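# A closer look at the structure
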Amino acid sequence: MRRRSVLLAGALAGIAGATATARSASAWPGPYITVAADGSGDVSTIQAAVDAVPPGNPGPFTVKIRPGEYKGQVVIPADKPFIVFRGQGPDPSAVVISDDRANGTLKPDGTPWGTSGSASVTISGSDFSARNLTFANTFDEAAHPEIANRQAVAVLTRADRIVFDNVRFLANQDTLYLNSPDAATVSRVYLRKCYIEGDVDFIFGRATAVLDRCAIHSLDRGSATNNGYVTAASTSLSNPHGFLLTQCKLTSDAPAGSVYLGRPWHPSNDPNAVAEVTTRDSVLGAHIGATPWSDFGTWPWRDARYGEFGNRGPGAAVTPDRPQLTAEQAATRTIAAYLSGADAWDPVR
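Note that this is a predicted model, so its numbers are computed, not measured.

### Observations concerning the sheet that holds strand S16 (residues 203–205)
Read across the sheet, 7 strands follow the order S6-S9-S11-S13-S16-S19-S22 without closing on themselves; strand pairing throughout is parallel. Whereas interior strands pair on both sides, the edge strands pair on one side only; in this sheet they are strand S6 (74–76) and strand S22 (260–262). Neighbour to neighbour, the strand axes of the sheet diverge by 15° on average, direction disregarded. Sheet topology note: the strand S13 (residues 176–178)/S16 ladder contains 2 bridges and is parallel. If you follow leucine 176 over to S16, its bridge partner there is isoleucine 203.

### Some remarks on the side chain of threonine 278
Take threonine 278: it is sitting in strand S23 (residues 276–280). Polar side-chain contacts of threonine 278 include one of 2.9 Å to the side chain of glutamate 276. Here the side chain of threonine 278 touches arginine 333 through a polar contact of 3.0 Å, side chain to side chain. Threonine 278 has contacts with Phe243, Leu244, Leu245, Gly307, Leu325, Arg333 and Tyr338, leaving out every residue within four places of it along the chain.

### A look at the environment of arginine 322
Its place among the elements puts arginine 322 in the loop between strand S25 (305–309) and helix H4 (327–330). Arginine 322 sits in the buried class, given a relative accessible area of 2%. In contact with arginine 322, not counting residues within four places along its chain, are Leu261, Leu284, Ile288, Gly289, Ala290, Pro292, Glu308, Gly315, Ala316 and Ala317. A polar side-chain atom of arginine 322 sits 2.9 Å from the main-chain carbonyl oxygen of glycine 315. A polar contact of 3.2 Å, which involves the side chain of arginine 322, links it to the backbone oxygen of alanine 317.

### Some thoughts on the nonpolar core
In globular proteins that are soluble, nonpolar side chains generally tend to be buried together. Counting residues in each nonpolar core, the largest one holds 62 residues, and the members touching the most others are Phe85, Phe135, Phe164, Phe169, Ile196, Leu211 and Ile216. Among the elements that line this core, the one with the most residues is helix H2 (residues 46–52), at 5 residues. Leave out the neighbours within four places in its chain, and isoleucine 196 touches Phe169, Leu176, Phe202, Ile203, Leu211, Cys214, Ala215, Ile216 and His217. Among the nonpolar cores identified, the runner-up in size contains 7 residues, and Val163, Leu244, Leu339 and Trp345 belong to it.

### So, the pattern of salt bridges
Per the stated rule, a full pass over the model turns up 14 salt bridges. Aspartate 343 serves as the salt-bridge partner of arginine 161, at 3.3 Å between the closest nitrogen and oxygen. With arginine 161 in the loop between strand S11 (155–157) and strand S12 (162–170) and aspartate 343 in the segment after helix H5 (335–339), the pair connects residues that are 182 residues apart, well separated along the chain. In this structure aspartate 343 comes out as partly exposed when scored by relative accessible area, which is 40%. Residue arginine 192 pairs with aspartate 165 through a salt bridge whose shortest N-O separation is 2.6 Å. Here arginine 192 is found in strand S14 (residues 188–192), whereas its partner aspartate 165 is found in strand S12, with 27 residues between them in sequence. Exposure class is identical for arginine 192 and aspartate 165. Each is buried. Residues joined in a network through salt bridges with shared partners are Asp127, Asp160, Arg161, Arg188 and Asp343.

### Here's the deal with the pairing of strand S15 (residues 195–198)
The pairing of S12 with S15 spans 3 bridges and is parallel. Bridge assignment links arginine 168 to a residue of S15, and that residue is tyrosine 195. In this structure, S15 lies alongside strand S18 (residues 215–218), joined through 4 bridges in parallel fashion. The residue bridging glycine 198 from the neighbouring strand is serine 218, located in S18.

### Re the packing of aromatic side chains
Evaluated as defined, the whole model comprises 10 aromatic pairs. Ring geometry for phenylalanine 85 against phenylalanine 128: centres 5.1 Å apart, planes inclined by 75°, an arrangement best described as edge-to-face. Placement of the pair is phenylalanine 85 in strand S7 (residues 83–87) and phenylalanine 128 in the loop between strand S9 (121–123) and strand S10 (129–137), with a sequence separation of 43 residues. With respect to burial, phenylalanine 85 and phenylalanine 128 carry one shared label: buried. Here a set of aromatic residues connected by ring pairs shows up, and it is made of Phe85, Phe128, Phe135, Phe164 and Phe169. Sitting above the plane of the tryptophan 113 ring, lysine 107 keeps its charged end 5.4 Å from the centroid. Note that arginine 263 overlies the ring of phenylalanine 296, its terminal NZ or CZ placed 3.8 Å from the centroid.

### Details of the pairing of S7
Within S7, 4 of the 5 residues are buried, which leaves the element mostly enclosed by the surrounding structure. Relative to S7, strand S4 (residues 61–65) is paired through 5 bridges, and the arrangement is parallel. Bridge assignment links valine 63 to a residue of S7, and that residue is phenylalanine 85. Sheet analysis places S7 next to S10, joined by 3 bridges and oriented parallel. Paired with arginine 86 across the two strands is arginine 131, which belongs to S10.

About the thresholds
- Residues numbered from 1 in each chain as written.
- Predicted model: local features only at pLDDT ≥ 70, side-chain atom pairs only at ≥ 80, totals over all residues.
- Heavy atoms only, no water.
- Pairing = 2+ DSSP bridges.
- Helix = DSSP H or I, 4+ residues; strand = E, 2+ residues; numbered from the N terminus.
- Axes fitted to C-alpha atoms, helices over the stretch in contact; angles between N-to-C directions.
- Polar contact = N/O pair within 3.5 Å; in protein donor to acceptor, adjacent residues only side chain to side chain.
- Contact = heavy atoms within 4.5 Å.
- Buried < 20%, exposed > 50% of the residue type's maximum accessible area, 1.4 Å probe, protein only.
- Core = buried A, V, L, I, M, F, W, Y, C linked by side-chain atoms within 4.5 Å.
- Salt bridge = Lys/Arg side-chain N within 4 Å of Asp/Glu carboxyl O.
- Phe/Tyr/Trp six-rings, centres within 6.5 Å; stacked < 30°, edge-to-face > 60°.
- Lys NZ or Arg CZ within 6 Å of the ring centre and 35° of its normal.

What follows is the structure in structure tokens.
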């Protein structure tokens, strides 16, 4: 195999503790940098590694992350595409990237962070991918009764062609915010064999996203009747594809029938945000009720674009309140239909 070496001196300039030495790229797709919380790598924080990636980076730049917990917000700007986060542990739990602020947590200037600002990790660079690690927002709701707005995002995506492979997302309300730069832009996300945990609206936004063979766990909020909503899509009306959940497993310790598959989110009461969610060929636990969709304030769920096909399990009963797709309709709700686009993107593996 031909070996290629890449000097990181320029990329690492100005980063305290970085080692600007030649890195062999033969085992990795392009240049790389190693992050280690104990100081044994090139840098000790995730943000320092992101800062080392040159603006306009033309190809994969791998951030190898050694086992450990990495606290603090991480922001990947739009001018840094093709970043790869790769956890180096034996499983996703070995590398944890986290922060602990909520919507209502105050900034130093006394104003709240807001939902988007609460994100532990914000991804605005296209063609990002992450494998074998955990993203978390560890905001403790019980410890902060003074904070009413408790949305606490683990990851916010705002870019196209994003891949999460064997990744965990942990939080409570608003765990995974799948968004786009604006309502007119379609941004695609592919999640393969991931684990997503939360309670209220914990998979939400206007992106086009496929959750393929994922484990989706609803937390028990202690209610006998309402323990939250799995999705809160805000798909633009012009976009036929919102969220596709395919071959997933939905679980919970909450009482039977106390969790909804979703409700339609209309940000700023936008009438053109019309949720599209398809759940197909998946196993639904008993926590999903006979009426699995809920109104969102004055916005009725029946005006949204919801559909199921081929689901099974104790929470998959067919009722008049559960729109079912025909076989012909299901043939158009596939991974390729959601993700391919004009560039024929195919991230499935």
